[in-house]
Amino acid sequence: MSALQKGFYRLKQQVTETVDKTTNKTAALSSELVEVEENVRKIKIVYTDALKRAQESLPSYQHFKNIAGGGNVDAEKRMRKQTTWALGNTLVEGSKVVEDNHFLFDILKSCGDTLVLMAKQSVRFEYDLHEQVITPMQTILSEIKEIEILKKKLSNARLDMDSANNTLTKRKSHKGSEGDAQLLANAENATNQFQMAQDTYITALLSFSSKELDHIKPLQCLLTCQQRMYNDVSKILNAKLPGLQDNIEKSVNTPVFGSDLDKHLETTGRQVATVLQKCCTSLLKSGIEQPGIFRLAGGLPQLRKLKAMFDSNRMEEEDWENDVFTLLKPLNYISVSYLNLS
């Protein structure tokens, strides 16, 4: 019988089973195996959706396939697509714009290098995700596809068997005899084919069902990969942040007003606060004998300018020799604060 004829008889049998409810339809699986089959269907739905989302967020495997072998060409290409790497590289390039002794130089370079290292960990995570999560999911879905092919073969074998048996039964009822030997042989052959297809399908179904640990492992690895990445990023930050904080605390441009006196003295390496030393020095040079220095006050704009110059470490004493009233105002603030604390 040709493939076209088999297809026709299978279609005819399906139509007969649909229209004539009294037609005998052989059950291919027991209720327990039907339940197993339903579980396989659910796994397919879940992993198909998960795999689709994961692949949408990841590049093709070729972008970073050389990482495991120590290569870095493809990994470098992928890393350049990371927003973290782009920002880090921008900061590193920015450090080259300022001079080495500029207060931003160390900060820019440290932040940029840190972000680049974090980007490398992100690429490593993508590689691990592909190897330990996506690839196993693809394997599981491939196994399910093979099971579906066997199910289709079983369905066809069942249709062939029922069609052959129905034809034989009708011939017997019409002739009142055992029927043609050829029809009997066809029915027996179809039954054998069905049993073989049934055994093969059930074996594949149960074999897949027995690998529950393998089906769970990709989900476990998903969290393990995340944990590894965040731990590595945490180590990078823990190594970089103390030095970054130390550079910030030692910056000579730390504001004078509003900061802790002990920290100010430690940062500047002085024994006397900058404001006290420079204001007193200027007063002693040009204004200590000028009448009314403790009674008269300098202008508010000038006082704000003086404060800003102190905070930016750009106060030059000679610029204020003729404005002793403004120079005295910070000393009044310090005296009042000292008395209040006392």
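Residues numbered from 1 in each chain as written. Predicted model: local features only at pLDDT ≥ 70, side-chain atom pairs only at ≥ 80, totals over all residues. Heavy atoms only, no water.

Caption draft 1: Region of the structure containing the overall build of the protein. Looking only at helices and strands, one finds eleven helices and zero strands in the protein. In sequence order, the secondary structure elements of the protein are arranged as α-α-α-α-α-α-α-α-α-α-α. Counted over contacts in the protein with a minimum sequence separation of 6, partners at least 24 positions apart contribute 73%. Of the roughly 22,000 Å² that the protein leaves accessible, carbon and sulfur atoms contribute 55%. (Helix = DSSP H or I, 4+ residues; strand = E, 2+ residues; numbered from the N terminus. Contact = heavy atoms within 4.5 Å. Areas by Shrake-Rupley, 256 points an atom, 1.4 Å probe, with all protein chains shown as cover.)

Caption draft 2: Up close: the nonpolar core. Core analysis: the largest hydrophobic core is formed by 36 residues, its most contacted members being I144, I147, Y201, L205 and F208. Those elements that provide at least two residues to this core are α2 (31–57), α5 (103–175), α6 (181–209) and α7 (212–249). Ranked by the residues each element gives to this core, the list is headed by α5, at 14 residues. Those residues in contact with L205 that sit more than four places away from it in its chain are L33, V36, E37, V40 and I147. Counting residues in hydrophobic clusters, the runner-up holds five residues, among them W85, V116, A119 and V123. (Core = buried A, V, L, I, M, F, W, Y, C linked by side-chain atoms within 4.5 Å. Buried < 20%, exposed > 50% of the residue type's maximum accessible area, 1.4 Å probe, protein only.)

Caption draft 3: Representation of the packing of α2 against α6. Where α2 meets α6, the axes come as close as 10 Å, and the angle between the chain directions of the two elements is 60 degrees. In terms of orientation, α2 and α6 fall into the oblique class. In the packing of α2 onto α6, the handedness of the crossing is left-handed. Contact with α2, carried on its side by L33, V36, E37, V40 and I43, involves Y201, I202, L205, L206, F208 and S209 of α6 and no other residues of that element. Counted by class, the contact of α2 with α6 contains nine nonpolar, one polar and one charged residues. (Axes fitted to C-alpha atoms, helices over the stretch in contact; angles between N-to-C directions. Parallel < 35°, antiparallel > 145°, perpendicular 65-115°, else oblique. Left-handed = near helix turned anticlockwise from the far one by under 90°. Nonpolar A, V, L, I, M, F, W, Y, C, P; charged D, E, K, R; others polar.)

Caption draft 4: Layout of α6. With 29 residues, α6 extends 42 Å from end C-alpha to end C-alpha; this agrees with the ideal 42 Å at 1.5 Å per step. When we look at burial in α6, the residues that qualify are L183, A187, A190, F194, A197, Q198, Y201, I202, A204, L205 and F208. (Expected span 1.5 Å × (residues − 1).)

Caption draft 5: Region of the structure containing the side chain of H215. Assignment of secondary structure puts H215 in helix α7. If we ignore the near neighbours within four places in the chain, the residues touching H215 are I43, Y47, I140 and F208.

Caption draft 6: Fine view of the environment of T203. Mapped onto the elements of the fold, T203 is located in helix α6. Look at T203 and you get exposed, because its relative accessible area is 53%. For the pair formed by T203 and I147, sequence separation is 56 residues and the distance between their alpha carbons is 9.7 Å.

Caption draft 7: Spotlight on the pattern of salt bridges. Scanning the model with the defined rule gives ten salt bridges in all. Among the ionic pairs, K44 bridges to E148, the shortest N-O distance being 2.7 Å. You can see K44 sitting in helix α2 and its partner E148 sitting in helix α5, a full 104 residues away along the chain. Residue classification places K44 among the partly exposed positions, given a relative accessible area of 32%. Relative accessible area serves as the criterion here: at 35%, E148 is assigned to the partly exposed category. Put simply, D162 and R158 hold a salt bridge, and the shortest N to O gap is 2.9 Å. One end of the pair, D162, and the other, R158, are both in helix α5, four residues apart, so they sit about a helical turn from each other. Three or more residues joined by partner-sharing salt bridges are found here, namely R124, D128, R228 and D232. (Salt bridge = Lys/Arg side-chain N within 4 Å of Asp/Glu carboxyl O.)

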